[in-house]
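# Fold and contact review
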Amino acid sequence: MTAQPPRPLDGITVVSLEHAIAAPFCTRQLADQGARVIKVERPGVGDFARGYDERVHGLSSHFVWTNRSKESLTLNLKHEAAAPILDDLLGEADVLVQNLAPGAAARMGLGFDALHARFPRLIVCDISGYGEGGPYETKKAYDLLIQSEAGFLSVTGGPEPDAMAKAGCSVADIAAGMYAYSNILAALLLRGRTGEGSHIDVSMLESLVEWMGYPMYYAFDGATPPPRAGASHSTIYPYGPFPTGDGGTVMLGLQNEREWQLFCEKVMEQPALAADERFDANFKRSANRAALRELIDTVFAELTAEQVIARLDQAQIANAHVNDMAGVWNHPQLAARDRWRDVITPGGQVPAALPPGRNAAYEPRMDAVPALGEHSATILRQLGYADEEVNTLRQAGTI
């Protein structure tokens, strides 16, 4: 067997007081890069995302996705005996990540100022709905609520007044998890120069607002915001899904006038359409999309989805299949690029997608999803606790 090449975060230890998606997604990505992640969970219950569903061999789909390669330590932080254990962990840790209820970490003495005085090299990352300070600081925040506050719902869904739609995945949580991850990487680099840990305050609202940059600037200075356009683009046309004669659907997108001419010549087989005054600029095509949609639908109704895609490919017009989840699991591009690995879970082996970004120097870590409290005894023994002490802590309900 050949030795595993070093990973960027080998030797980095992360302690996480986490639940749901934002913090677990952040720390799973740190684990992907080699960090040791110790996930502190409530005894008997654990991260409440463990109970969201039972779709993956009896386990939660959310939990399996965001918690591979971690160690689970059950610890009742309300017990007096838990504080020295947590202190021992933080004394050896590089990073603390937490997304507890607003103010909960500070009440337990886990605010940055208190921790920095004892552990000056420790990086502390707090993830919350609205961030520290401001009138929304203590307001509860879930993914859909942040999608609403950040204006995401105002531009997502159909054009009807009651047809707004949420994202089909936890986009606000994912955004916050991504910014927590990148900020922690930056803080580790900074500590390498200064020797000091720093405080990171990640807001779900601010994370998703950053992603709303285009619609915000489109509506700059009181201008009309982009309309909701379902699966179509709100301001570029044709750009969206179109039905085909075999009952399929093809997604296509035009970005410029050169592509519009090619679309008319090679896909529609109507070269004269390119000069039609209703459609000879993108803003005109967008304004007259109903008339253009009728022309496209008429042509596509005589073709299968694969025939439409063949024409689009010939014209070098961007296009895509409209896949369901089965289509993604079986996507030929993912298979060809060897993007799946087997991961062990308490319920059995499952495939998992490699993290995006392929680095030729090393393979990301893809270890098991932990059972609740699976590593409690091992972690405590590593901290110097004898077996008798571990048993006493377990009997007391501390672990």
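Residues numbered from 1 in each chain as written. Predicted model: local features only at pLDDT ≥ 70, side-chain atom pairs only at ≥ 80, totals over all residues. Heavy atoms only, no water.

### Description of the overall build of the protein chain
- Helices and strands together make up the secondary structure of the protein chain, namely 17 helices and eleven strands.
- Taking the principal axes of the C-alpha coordinates as reference, the protein chain spans close to 85 × 55 × 40 Å.
- Each of the 399 residues in the protein chain was classed as buried or not, and the buried ones make up 45%.
- Relative to all contacts within the protein chain whose residues are 6 or more apart in sequence, the contacts with residues 24 or more apart total 67%.
- Surface summary for the protein chain: the accessible area is close to 20400 Å², and the carbon and sulfur share equals 54%.
- In the protein chain, 34 positive and 49 negative side-chain charges are present, and the distance between their average locations comes to 2 Å. (Helix = DSSP H or I, 4+ residues; strand = E, 2+ residues; numbered from the N terminus. Buried < 20%, exposed > 50% of the residue type's maximum accessible area, 1.4 Å probe, protein only. Contact = heavy atoms within 4.5 Å. Areas by Shrake-Rupley, 256 points an atom, 1.4 Å probe, with all protein chains shown as cover. Lys, Arg positive; Asp, Glu negative; His and termini not counted. Charge placed at Lys NZ, Arg CZ, Asp CG, Glu CD.)

### Overview of the side chain of Thr74
- Along the chain, Thr74 turns up in strand β3 (residues 70-74).
- Since its relative accessible area comes to 8%, Thr74 is described here as buried.
- Residues contacting Thr74, with those up to four places away along its chain left out, are Glu41, Arg42, Pro43, Leu372, Gly373, Ser376, Thr398 and Ile399.

### Digging into helix α7 (residues 171-194)
- Here α7 spans 34 Å end to end across 24 residues, near enough to the 34 Å set by a 1.5 Å rise per residue.
- A positive phi of about 80° marks Gly195, the residue just after α7. (Expected span 1.5 Å × (residues − 1).)

### Some remarks on unusual backbone geometry
- Look at the link from Tyr237 to Pro238: it is a cis peptide, with omega at -5°.
- With respect to the helices and strands, the residue Pro238 is situated in the loop between α9 (213-218) and β7 (239-243).
- The residue Gln316 is not glycine, and still its phi comes out positive at about 55°.
- Note that Gln316 resides in the loop between α13 (305-314) and β9 (318-321).

### Remarks on the sheet that holds strand β4 (residues 95-98)
- The sheet built from six strands is open, its strands ordered β3-β2-β1-β4-β5-β6 with parallel pairing. Taken across any chain shown, the strands that pair with only one partner, and hence form the sheet edges, are β3 and β6 (199-203). Here the average twist between neighbouring strands, direction ignored, is 20°.
- In this sheet, strand β5 (residues 123-128) lies alongside β4 in parallel orientation, the contact comprising four bridges. Looking at the pairing, Val97 lines up with Cys125 of β5.
- Contacting β1 (13-17), β2 (36-41), β3 and β4, helix α3 (residues 82-92) crosses the sheet at an angle of about 140° to β1. (Pairing = 2+ DSSP bridges. Axes fitted to C-alpha atoms, helices over the stretch in contact; angles between N-to-C directions.)

### Some remarks on the sheet that holds β9
- Taken together, the three strands give an open sheet; going across it, the order is β7-β8-β9, and neighbouring strands pair in antiparallel fashion. Both outer strands of the open sheet, β7 and β9, are each paired with one neighbouring strand and no more. When strand polarity is set aside, the average angle formed by the axes of neighbouring strands in this sheet is 25°.
- Here β7 runs beside strand β8 (residues 249-253); their pairing, made up of five bridges, is antiparallel. The partner of Pro241 across the bridge, within β8, is Met251.

### Overview of the packing of helix α10 (residues 257-267) against α13
- Between α10 and α13, the least distance of the axes is 9 Å, while the angle of their chain directions is 130°. Relative to α13, the element α10 is oriented oblique. Where α10 crosses over α13, the two elements pack in a sense that is right-handed. Contact residues: Phe263, Lys266 and Val267 in α10; Arg311, Leu312 and Gln314 in α13. (Parallel < 35°, antiparallel > 145°, perpendicular 65-115°, else oblique. Left-handed = near helix turned anticlockwise from the far one by under 90°.)

### As for the pattern of salt bridges
- The full count for this structure, using the stated rule, is 18 salt bridges.
- Residue Arg28 is joined to Asp32 by a salt bridge in which the shortest nitrogen-to-oxygen separation is 2.9 Å. Pair noted here: Arg28 and Asp32 are both in helix α1 (residues 22-32), with a separation of four residues, about one helical turn. Across this residue pair, the class does not change: Arg28 and Asp32 are buried.
- Close ionic contact of Arg341 with Glu363 constitutes a salt bridge, the shortest N to O distance being 2.7 Å. Placement of Arg341 in strand β10 (residues 340-345) and of Glu363 in the loop between β11 (348-353) and α16 (376-382) is noted, with a sequence separation of 22 residues between them.
- What makes Glu363 partly exposed here is its relative accessible area of 30%.
- Overlapping salt bridges bring together Glu18, Lys39, Asp47 and Lys70 as one network. (Salt bridge = Lys/Arg side-chain N within 4 Å of Asp/Glu carboxyl O.)

### Comments concerning the environment of Ser16
- With respect to the helices and strands, Ser16 occurs in strand β1.
- In this structure Ser16 comes out as buried when scored by relative accessible area, which is 0%.
- Placed 359 residues apart in sequence, Ser16 and His375 show a C-alpha to C-alpha distance of 14 Å.
- For Ser16, the contacting residues outside a window of four places in its chain are Thr27, Ile38, Lys39, Val40 and Val97.

### A look at the packing of α10 against helix α12 (residues 289-300)
- Remark: α10 packs on α12, axes separated minimally by 12 Å, with the N-to-C direction vectors making an angle of 35°. Once α10 is placed against α12, the crossing between them reads as left-handed. Of the residues in α12, those in contact with Trp260, Phe263 and Val267 of α10 are Leu292, Ile296, Val299 and Phe300.
- Here the residues of the contact of α10 with α12 are counted per class, giving seven nonpolar, no polar and no charged. (Nonpolar A, V, L, I, M, F, W, Y, C, P; charged D, E, K, R; others polar.)

### Let's talk about the side chain of Arg28
- What makes Arg28 buried here is its relative accessible area of 6%.
- In this structure, Arg28 is in contact with Trp65, Thr66, Asn67, Arg68, Lys70 and Pro355, ignoring residues within four places of it in sequence.

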